[in-house]
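Below are the chains, spelled out letter by letter.
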Amino acid sequence: MNRENAHELAENFVQTAVVDYQSPLTRYATRLVGDPDRARDIVQDTFVKLMAQPPAAVDGHVAEWLFTVCRHRALDVLRKEGRMKRFEDGEMERVTAEEPRPARALEAAETHDTLLRMIELLPPNQQEVLRLKFQSGFSYKEISRITALSVSHVGVLIHHAVTRLRAEYAAQQP
Amino acid sequence: MNISKITSDDPRLTAFALGELGAAERVAIAAAIKDDPAAQAFVEQIRALGGELSAMLAKEPLPVVRATAGVAAESTENKTATPVRDDYERRKMVRFPYYIVAGLAAACFAVLFVQQQTLATKRQEIAKAEQQRRNVERAASRMALPYAAQAGSPSILEVSLGDDAHAVSMPAFSNSPTSPPSVPVQIAGQASNIEAYAYQADNAYLAVAEAPLSTFSMEVDTAGYSNLRRFLKGGQRPPREAVRIEELVNYFPYRYTVPKDAATPFAASMEVASAPWNPSHRLVRIGLKGRELSLAERPALADQLSGTRVTIAKDVKLQVEFNPARVKSYRLIGYENRMLKKEDFNNDKIDAGEIGAGHTVTALYEVVPVGVDSPTEAVPAGDALKYSEGKAGKFPESAELLTLKVRYKAPTSDVSSKLVFPLVDSGAEFATASQDFKFAAAVASFGMMLRDSPHKGAVTFDSVLGWAEDGLGEDAGGYRHEFMSLVKQAKACSG
């Protein structure tokens, strides 16, 4: 392998990651910070960090690595802006749990819309793991590494989210 | 593990429904809900809901991050759950001309790529090109990331590596950051466009003379099997790239020998017989079984949740050393994205998989014995560094086929230990192999068929069914019977 090829491959490594993950990461970051512009900055920072990384360090788990770094960066941004409340789970659980149940307020018009609106009424930490699981396809174990929560905590969050959705969804059915 | 009763308040039941449990826990929970229609109904509902959620979330717009960034940003913005923003920011957002956003994005990417080139140039001195090639392939082929495919979106690519994984074709969009990459774009998942998987070519045969050591992390996720079931129950043959053989094989519990004493975290059960799809080849089964917890060690009731996932060994890495006197070439079946470099085996800083109490992990190798025509290319005279002249240096005429070395760390330790297990091939035929061996071979060959593997040999759905039937055993929990019904469904879909 000559130098030129090595150079090309090092480039390809990052380019491939950009092609594969830029959109899903931007979607994830937008959810975290609630702002697509900031999300794009965060995702760019994430790829810049990837470039500084020896390929061996992320070997075999690029997706997990990118989501982890992206999340850290997003939390940094939120912290700087004093918006961390969004992610302090205890508080969010309590606040959201006291909100009125959406069940009757929603028209059972279209399954997906209904579900989507129900998801958006879940506490943010449940929404996040739910999306990592069902949208990004990560396993509990991978989500645990991305979010720095224990595997069992991830299991509890997903359990709460799906059992609540199940109950509300059942309430929607005629 | 014994669970007498499980309720729908228990997160383990959700984890069970979503295919997130290892074999031992899965068996325990299946047994606990066997006579509990309410719990079974709950599991079915959670599975159905999971399917709805995946389908629905897949349809959420993906931000289009290049030329049309502004438009996509707006639609995403509208759907954001709880936008935390004051009025000033909102007005600013609305007034901000999107073409500038797009222009800025383009400019940022130009900077990004200049930086990238600089970094890459610096790195090329030290980076091993071969390693990078593998990284490129792996980055491209991360399988478990189904996401929405928007029509015409250049961001959703399936990079098809083909059977020759060396022929990696990548977009060269650094020259023109705002135009779609010029690679063939293929969206997996047919009309629904819901899931995109990157195809990862099967591990190739490696010549023992060149690569006597095969090293990988025994880390298995079994979600692939649920995925496969979902496709087949829906009357659809899964896309080949969605089929992960090691995930299928490891979905099933096997009755491997338990470790002799509490000081040993796991035992290895190895078996070798002819490969049913190619009888001139040998099939090697490596099974690891984690030690069961003693009653005293079981966590208190309050801890049951985490207790079922007690890790008894972490960073479990396997290295198989093949004896060139017996083996001409070999391939590891599945585990395409779990391969490690041989030097990673002894490097305690490299993470790997964990083994939980009572869990089993299985890996299969297809081996071409010396004296059999090898499917590999002619082997250049490399320096065979093991059995013949390695550190051990004592087995030049060994009868052993291979030696399995397992490196692991105790759950709280940073320093690894090593276990060594040699395997001698007694020349067994497939017909006389154990039931677990036959069943695992049937599952692997089914995976090879669905992946249209170049190594599938003479396999047919009917032969898979025959081998699975021979390997049924007691089939506690009915998993093996269910597998057979899936094979029949696949046959019907393919007919």
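Keep in mind that this is a model prediction, so the values were computed, not measured.

About the cut-offs
Residues numbered from 1 in each chain as written. Chains lettered and ligands numbered in written order. Predicted model: local features only at pLDDT ≥ 70, side-chain atom pairs only at ≥ 80, totals over all residues. Helix = DSSP H or I, 4+ residues; strand = E, 2+ residues; numbered from the N terminus. Contact = placed C-beta atoms within 7 Å. Buried ≥ 20, exposed ≤ 12 C-beta atoms within 10 Å, placed from the backbone. Pairing = 2+ DSSP bridges. Arc of directions from axis to C-beta. Core = buried A, V, L, I, M, F, W, Y, C linked by C-beta atoms within 7 Å. Axes fitted to C-alpha atoms, helices over the stretch in contact; angles between N-to-C directions. Parallel < 35°, antiparallel > 145°, perpendicular 65-115°, else oblique. Left-handed = near helix turned anticlockwise from the far one by under 90°. Nonpolar A, V, L, I, M, F, W, Y, C, P; charged D, E, K, R; others polar. pLDDT = per-residue confidence, 0-100.

The next point concerns the overall build of chain A. If you tally the helices and strands in chain A, you get 9 helices and 0 strands. Counting from the amino terminus, helix and strand elements in chain A follow one another as α-α-α-α-α-α-α-α-α. In chain A, once contacts between residues fewer than 6 apart in sequence are set aside, the share between residues at least 24 apart is 62%.

Attention now goes to the overall build of chain B. Each helix and strand counted, chain B has 13 helices and 10 strands in total. Taking all 495 residues of chain B together, 45% fall into the buried category. Taking as baseline every contact in chain B between residues at least 6 positions apart, the subset at least 24 positions apart corresponds to 78%.

Residues spaced three or four apart along an α-helix face the same direction, because each turn holds 3.6 residues. All names here are of chain B. Of all 10 residues that make up helix α2 (residues 23-32), 7 are buried, and the element is covered over most of its length. By the burial criterion, the buried members of α2 are Ala-23, Ala-24, Glu-25, Arg-26, Ala-28, Ile-29 and Ala-32. Close packing links the buried residues of α2 with α1 (11-17) and β8 (360-369).

We now examine unusual backbone geometry. Backbone geometry places A:Ala148, a non-glycine residue, at a positive phi of 60 degrees. Among the residues examined, A:Ala148 registers 11 C-beta atoms within 10 Å and is labelled exposed. Phi is positive for B:Tyr335, which is not a glycine, with a value near 60 degrees. You can see B:Tyr335 is positioned in the loop between β6 (327-333) and β7 (353-356). On the basis of neighbour counts, which here come to 22 C-beta atoms within 10 Å, the residue B:Tyr335 falls in the buried class.

With that out of the way, let us pick up the sheet that holds strand β4 (residues 278-290) of chain B. All names here are of chain B. Strand order in the open sheet formed by 5 strands is β1-β6-β8-β4-β3, and the pairing between neighbours is antiparallel. At either margin of the open sheet sits one strand with a lone partner, and together these are β1 (206-207) and β3 (266-275). Where β3 meets β4, 10 bridges bridge the pair, whose relative direction is antiparallel. Counterpart to Met-270 in the pairing with β4 is Ile-286.

Quick look at helix α8 (residues 140-147) of chain A now. Residue and element names in this part refer to chain A. The complete set of buried residues in α8 reads Tyr-140, Glu-142, Ile-143, Ile-146 and Thr-147. End-on view of α8: buried residues confined to an arc of 160 degrees, all on one side of the axis. Downstream of α8 by a residue or two, Ala-148 has a phi angle that is positive, lying close to 60 degrees.

Moving on to the nonpolar core. Residues A:Ala29, A:Leu66, A:Cys70, B:Leu364, B:Ala440, B:Val443 and B:Ala444 are the most contacted members of the largest nonpolar core, which totals 139 residues. The residues touching B:Leu364, leaving out its near neighbours within four places in the chain, are B:Val249, B:Leu283, B:Val284, B:Arg285, B:Ile333, B:Ala440 and B:Ala444.

Another point: the packing of helix α11 (residues 435-450) of chain B against helix α12 (residues 461-470) of chain B. If you want to describe how two helices pack, look at the angle between their axes and the distance between the axes. Residues and elements named next belong to chain B. At a closest axis distance of 7 Å, the pairing of α11 and α12 adopts a crossing angle of 160 degrees. Taken as axis vectors, α11 and α12 run roughly antiparallel relative to one another. Here α11 and α12 pass one another in a crossing that is left-handed. The segment α11 lies against α12, with Lys-438, Phe-439, Ala-441, Ala-442, Ser-445, Phe-446 and Met-449 engaging Phe-461, Val-464, Trp-467, Ala-468 and Asp-470. Considering only residue class, the contact of α11 with α12 consists of 9 nonpolar, 1 polar and 2 charged.

Okay, the environment of B:Arg338 next. Among the secondary structure elements, B:Arg338 is positioned in the loop between β6 and β7. According to the C-beta neighbour criterion, B:Arg338 is buried, with 21 such atoms within 10 Å. Considered as a pair, B:Arg338 and B:Lys317 are 21 residues apart in the sequence and their alpha carbons are 9.9 Å apart. Among all residues touching B:Arg338, those that are not within four sequence positions of it are A:Gly60, B:Phe216, B:Ser217 and B:Glu219.

When a strand is regular, its side chains alternate between the sheet's two faces. Residues and elements named next belong to chain B. Within strand β9 (residues 400-409), 7 of the 10 residues are buried, leaving the element largely enclosed by the surrounding structure. In terms of strand pairing, strand β5 (residues 311-322) meets β9 through 7 bridges, oriented antiparallel. By the bridge assignment, Glu-321 is partnered in β9 with Thr-403. Sheet topology places β9 next to strand β10 (residues 416-424); 9 bridges connect them, and they run antiparallel. For Val-406, the partnering residue across the bridge sits in β10 and is Leu-419.

Our focus in this paragraph is the confidence of the model for chain B. Residues and elements named next belong to chain B. For chain B, the average pLDDT comes to 71, and 64% of its residues sit at 70 or higher. Ranking the elements of chain B by mean pLDDT puts helix α4 (residues 69-79) last with 35 and α11 first with 97. Residue range residues 66-195 is modelled with pLDDT below 50. Its contacts to residues more than four positions away, or to other chains, number 217 contacts. Between residues 377-384, whose pLDDT stays under 50, and residues either more than four places distant or in other chains, the model counts 8 contacts. We note a pTM of 0.49 for the whole complex and an ipTM of 0.75 for its interfaces.

Another point: the environment of A:Asp37. Mapped onto the secondary structure, A:Asp37 falls in helix α2 (residues 36-51). Of the residues examined, A:Asp37 has 20 C-beta atoms within 10 Å and is grouped as buried.

The subject of this paragraph is the confidence of the model for chain A. Residues and elements named next belong to chain A. Overall, the prediction assigns chain A a mean pLDDT of 76, with 74% of residues at 70 or greater. Confidence, read as mean pLDDT per element, is least for helix α5 (residues 89-98) in chain A (35) and greatest for α8 (92). Segment residues 85-109: pLDDT under 50, and 31 contacts once partners within four positions in sequence are set aside and those in other chains are kept.

Once that is clear, we can look at the environment of B:Lys488. With respect to the helices and strands, B:Lys488 occurs in helix α13 (residues 479-494). Residues B:Lys488 and B:Phe461 lie 27 residues apart in sequence; the distance between their C-alpha atoms is 7.5 Å.

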